[in-house]
Amino acid sequence: MSALPQSASALPSSVSAATVRGWLNDGAEIALLDVREAGQFGEGHPFFAIPAAYSRLEWDVPRLVPRRSTRTVMLDAGDGVAARAAQRLAALGYAQLHVLEGGAPAWAAAGYTLFQGVNLPSKTFGELVEHAFGTPHVSAAELQRRQQAGEPLVLLDGRTLEEHRKMTIPGATPVPNGELARHWSALAPDPATPIVVHCAGRTRSIIGAQILRSLGVPNPVLALENGTQGWALSGLALEHGSPRRPPALHPAQPADQARAARVAADAGAARLTAAQAQAWIDDPDRTTYVLDVRTADEYAAGTLAGARHAPGGQLLQATDQTIGVRRSRVLLLDDDGVRAPVVAAWLARLGYETATVEGGIHAALTLPGTEWAHPPSAPVQVDRQDLPGWWSSQATPPLLLDVQPSLAYRRQHAQGARWSVRPRVAADLRAAAPGTRPPLLILAADAASAAAAASEILPGAVASVQWALAADWAAAGLPVQSSPGQPSDADAIDYLFFVHDRHDGNLDAARRYLAWETGLIAQCAPDELAGFRLPAGPSPGT
């Protein structure tokens, strides 16, 4: 148990907000990592900040920032968490580490905007796409009228299957945006049949519709205005628990491959030989992500060794959850010559140096491993069947520290357990057991969460440390309780109410969210919009 790695003795440099703003615009690679928890990040962060919560630091940063010599800046709430994060990353071999002096509050004090929400670049891009291409849309009322009248149309849900099952527009077929190029012709063979793409709000509706329009689809293509939220705000009932699945893949057609290649070329996404792609991968001064954009089932069945999975639609929707380095390179792979070029085109328009590679997942490429990334290990686990005996055998009442998600803790937790989150573990232990050294049981949703919490415990703070699954406590018949108001909303820093409440029937939250989306462009400074590569005004199709 150690609050910080013993090998990380060098302090990171402290840099001002003005310096970081300059670095973001100097043309070189940079990773701006916001190490606050999800709720804090979502309530206000710099436009180009990447979510890298301290709770999952050692698991997430190696995939977000795979090149250890990348210039990396961390920001926090001005509470010292970024410096702790920097020391942990130094122990993993990161060499160019900096901390934003004063954290997010200093960014705002310098006159720079802190943006609410998540996936800011992708969301803003969606709004810009609608302006640039004049993406047509249909209202919820008009879509319902067409459905009730029995007019021909193909309604597609461009989100993930999980989101589709939670709630969708009645009758929609789930086809994630990254799969549209493979499925549209089979789903809408009659060129007179309109195609409507929807999501939960705006971005994926717009991008999905524009993906099809850029391909030159002969059908009329429309985005559902404001997605499922607009549908609910119109007083219409959503469908929950849809059993429908994406259609089976049909063989890629030469016409589809030709359309995809044209779209990629028009957007400036290159097609590289294996040798050219390997030169990107081997360049020690640049970061290159190699991503398989196919479905999860296809990826699991086989891919290029070392390639990461990034379904194409979600990659465009939440780029900052996969690509942590600004001005890095991205190689996209498929096995059909259709999906990767289409996603590459739109990723290039997002501002990334993007390419596909001849042969896709079968290309003769050698990728580096991530063996150097060593996250902390969990302490000894107490299994479900052993929990009652463990509890009754303790000579000293043990301290129960629950680090499962805050809203799960509210619903149910071990009686007497204290909720905590990794950046607060050391302080919470001092407050819970002042002057004593009790045995500690960490209750967590998984081993990684338990390991992260245990790594924060100072030597000598407790007599012993073990962990158990939070769900096993109740399953073992041990006493539980609920606390609907605890932790308070202010303390539940791991949860972003702003985003999630809109999906739980809160229509006011949906209105606020849609107003936020449509207002993003106006909040941005010129340098925050400069990287996008879009035409100046509406144009037909491409």
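Thresholds, definitions, all that
Residues numbered from 1 in each chain as written. Predicted model: local features only at pLDDT ≥ 70, side-chain atom pairs only at ≥ 80, totals over all residues. Heavy atoms only, no water. UniProt positions renumbered as here; feature names shortened; annotations may be inferred. Helix = DSSP H or I, 4+ residues; strand = E, 2+ residues; numbered from the N terminus. Pairing = 2+ DSSP bridges. Buried < 20%, exposed > 50% of the residue type's maximum accessible area, 1.4 Å probe, protein only. Polar contact = N/O pair within 3.5 Å; in protein donor to acceptor, adjacent residues only side chain to side chain. Contact = heavy atoms within 4.5 Å. Salt bridge = Lys/Arg side-chain N within 4 Å of Asp/Glu carboxyl O. Phe/Tyr/Trp six-rings, centres within 6.5 Å; stacked < 30°, edge-to-face > 60°. Lys NZ or Arg CZ within 6 Å of the ring centre and 35° of its normal. Right-handed = clockwise from strand over helix to strand, strands pointing away.

The chain has the name Rhodanese-related sulfurtransferase in an unreviewed UniProt entry, where Paracidovorax wautersii is given as its organism.

> Which parts of the structure should I look at to understand the UniProt feature "domain: Rhodanese" (unreviewed entry) in the chain?
Residues given the UniProt feature "domain: Rhodanese" (unreviewed entry) here are residues 26-116, 149-240 and 284-373. The straight-line gap between the two end C-alpha atoms of residues 26-116 is 25 Å; of that span, 35% is helix and 15% is strand. For residues 149-240, the helix share is 36%, the strand share is 15%, and the end-to-end C-alpha distance is 23 Å.

> What is the right way to read the sheet that holds strand 12 (residues 288-292) from this model?
Through backbone hydrogen bonds, the strands of a sheet pair up, either in parallel or in antiparallel fashion. Strand order in the open sheet formed by 5 strands is 11-15-14-12-13, with parallel pairing between adjacent strands. Unpaired on one side and paired on the other, strand 11 (270-272) and strand 13 (308-309) mark the two borders of the sheet. Bridge count for strand 12 against strand 14 (residues 329-333) is 5 bridges, and the pairing is parallel. Directly across from D292, in strand 14, lies its bridge partner L333.

> It is not clear to me how unusual backbone geometry should be interpreted in this structure. Could you clarify?
Generally, phi is negative for residues other than glycine and the peptide bonds are trans, each holding for most cases. Of note, the bond from Q486 into P487 is cis; its omega dihedral lies within 30 degrees of zero at 0°. Its location among the elements puts P487 in the loop between strand 22 (480-481) and helix 22 (497-500). Of note in the backbone geometry, N119 takes a positive phi value of approximately 55° without being a glycine. With respect to the helices, strands and loops of the structure, N119 is situated in the loop between helix 5 (103-109) and helix 6 (120-133). A positive phi angle, close to 70°, is found at R327, a residue other than glycine. With relative accessibility at 26%, the residue R327 sits in the partly exposed group.

> Honestly, the side chain of R339 in this entry has me stumped. Any pointers?
If you trace the backbone, R339 turns up in helix 16 (residues 339-349). The class of R339 is buried, set by a relative accessible area of 0%. Of note is the side chain of R339, whose polar atom sits 3.3 Å from the side chain of D335. Residue contacts for R339: discarding those within four places in its chain leaves G178, E179, R182, L249, V293, R294, T295, E298 and D334.

> Help me understand helix 4 (residues 81-91), please; the structure alone is not making it clear to me.
Structural remark: α-helix, 3.6 residues per turn; residues separated by three or four positions point the same way. Of the residues making up helix 4, those classed as buried are V81, A82, A85, A86, Q87, R88 and L89. As for helix 4, its buried residues are in contact with strand 2 (31-34), helix 3 (57-64), strand 4 (72-75) and strand 5 (97-100). Phi turns positive, to about 105°, at G93, one or two residues after helix 4.

> For this particular structure, what's the right way to read the pattern of salt bridges?
Side-chain pairs of opposite charge can arise whenever the charged atoms involved come near each other. Counted under the stated rule, the structure contains 38 salt bridges. Taking the shortest distance from any N to any O, the salt bridge between R286 and E353 comes out at 3.2 Å. Highlighted residues: R286 in the loop between helix 13 (274-282) and strand 12 and E353 in strand 15 (residues 353-357), separated in sequence by 67 residues. The class of R286 is partly exposed, set by a relative accessible area of 22%.

> Looking at this model, I keep getting lost on the environment of E456. Mind explaining?
Inspection of the secondary structure assignment puts E456 in the loop between helix 20 (447-454) and strand 21 (464-469). In this structure the side chain of E456 is engaged in a polar contact, spanning 2.7 Å, whose partner is the side chain of Y54.

> What exactly am I supposed to notice about the packing of aromatic side chains here?
In this description, an aromatic ring pair is defined by two values, namely the gap between the centres and the angle between the planes. Evaluated as defined, the whole model comprises 9 aromatic pairs. Centroid distance F125 to F532: 5.7 Å. Interplanar angle 35°. Geometry classified as tilted. With F125 in helix 6 and F532 in the segment after helix 25 (526-529), this pair connects stretches of sequence that are 407 residues apart. Each of the two residues, F125 as well as F532, counts as buried. One aromatic cluster is present, built from ring pairs that chain together F125, F133, W346 and F532. A cation sits over an aromatic face here: R349 above W346, 5.5 Å from the ring centre.

> Please clarify how the pairing of strand 21 should be interpreted in this entry.
Residues in a regular strand project their side chains so that they alternate between the two faces of the sheet. Judged from the 2 bridges that link them, strand 16 (residues 380-381) and strand 21 form a sheet pairing that is parallel. Counterpart to V380 in the pairing with strand 21 is Q466. As judged from the 6 bridges shared by strand 20 (residues 439-444) and strand 21, these two strands associate in the parallel manner. From the neighbouring strand, I442 faces strand 21, where its bridge partner is W467. Note that the unit made of strand 20, helix 20 and strand 21 has a crossover that is right-handed.

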